[in-house]
Amino acid sequence: MKIVIGSDHAGYRLKASVVEYVESLGHEVIDVGSHDDTPVDFPDIAKQMAEKVTSGEATRGLMVCGTGVGASIAANKIRGIRAAVCHDIHSAHQCVEHDDVNVMCIGAQIVGPWLANDLIKAYLEAEFSTSEEFRRRVEKLHAMENEG
C-alpha cells in the first residue's frame, strides 16, 4: 500500500520511526511533513495528508501529533476522511474492520515507538468487514457527510 504520513512538531520525532517502520513492512511512504520540530499548525499538515487519501494518491493515512486528537478533528473536516485516534491495538484494527477508517491518528505524547509500531501493524493489516451491518452503517456516515 501507499501510506501518507504527517505530523506536527509534537509528533515529529515519533514520525521518523513511524516512517521507518511502515517502510520496513513493505509499504511506500509519502511524507507530507513536518520535517523538523519547528512549531507548525497541525490542521495544515492534516489537510495535506487527508488530500493524498481522498485523491487516491495514498491508500491510507497516518497522522502523529501530541495527542492525536487535534489531528483527528482536522482530518475529519475533509470530505471522504474517516479518522480515528487509536492508542490501543483493538481500536487500531476494529476502526478499519467496522468503520472503514482511512486515517489513524496517534499521540506522540501518549505512546512510544514500540506501541506505535503495534498500532500501525494492526491498522494496516485490517480490512473493512464484508458484514452487511458494518457496510450499512458506513453508508449512513457517507449520507450524513453528503447532507452537509
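Since the structure is predicted, the reported quantities are computational estimates derived from the model, not experimental observations. (Residues numbered from 1 in each chain as written. Predicted model: local features only at pLDDT ≥ 70, side-chain atom pairs only at ≥ 80, totals over all residues. Heavy atoms only, no water.)

**Structural notes on helix H4 (residues 89–99)**
Cut-off, in case you're wondering: In this scheme, a residue with accessible area under 20% of its type's maximum is buried, one over 50% is exposed, and one in between is partly exposed, where area comes from a 1.4 Å probe on protein chains only. Each helix is a run of H or I in the DSSP string that is no shorter than four residues. Each strand is a run of E no shorter than two, and both are numbered from the N terminus. Here the arc refers to the set of directions running from the helix axis out to each C-beta atom. Note on contacts: a residue pair is in contact if any heavy atoms of the two residues lie within 4.5 Å. Pairs of N or O atoms within 3.5 Å make up the polar contacts considered here, provided that, within protein, one atom can donate a hydrogen while the other can accept it, and that residues adjacent in sequence are counted only when both atoms are side-chain atoms.
For H4, the complete set of buried residues consists of Ala92, Cys95 and Val96. Along the axis of H4, the buried positions cluster into a sector of 90°, meaning they face one direction only. Contacts from the buried residues of H4 go to strand S3 (60–65), strand S4 (83–85), strand S5 (103–107) and helix H5 (113–125). You can read the cap of H4 off the contacts: a side-chain oxygen lies 3.2 Å from the backbone nitrogen of His90, and it is on Asp88. Positive phi shows up at Asp100, right after H4, with a value of about 55°.

**Some words on the packing of helix H2 (residues 42–54) against helix H3 (residues 69–76)**
Stated precisely, the cut-off is as follows: Axis angles are defined between N-to-C directions and span 0 to 180 degrees, where every axis is a line fitted to C-alpha atoms and, for a helix, only to the segment in contact. Under this scheme an angle from 65 to 115 degrees is roughly perpendicular, one under 35 degrees roughly parallel, and one over 145 degrees roughly antiparallel; angles in between are oblique. Here is the rule for handedness: rotate from the far helix to the near one, and if that takes an anticlockwise turn smaller than a right angle the crossing is left-handed, while a clockwise turn gives right-handed.
It is at 8 Å that the axes of H2 and H3 come closest, and there the two elements cross at 50°. Our classification of the angle between H2 and H3 gives oblique. For the element pair H2 and H3, the recorded crossing hand is right-handed. Residues Phe42, Pro43, Ala46 and Met49 of H2 form the contact with H3, whose participating residues are Gly70, Ala71, Ala74 and Ala75.

**What about the environment of Pro39?**
By the element assignment, Pro39 lies in the loop between strand S2 (28–31) and H2. Accessibility expressed as a relative area gives 67% for Pro39, which makes it exposed. Considered as a pair, Pro39 and Asp8 are 31 residues apart in the sequence and their alpha carbons are 7.3 Å apart.

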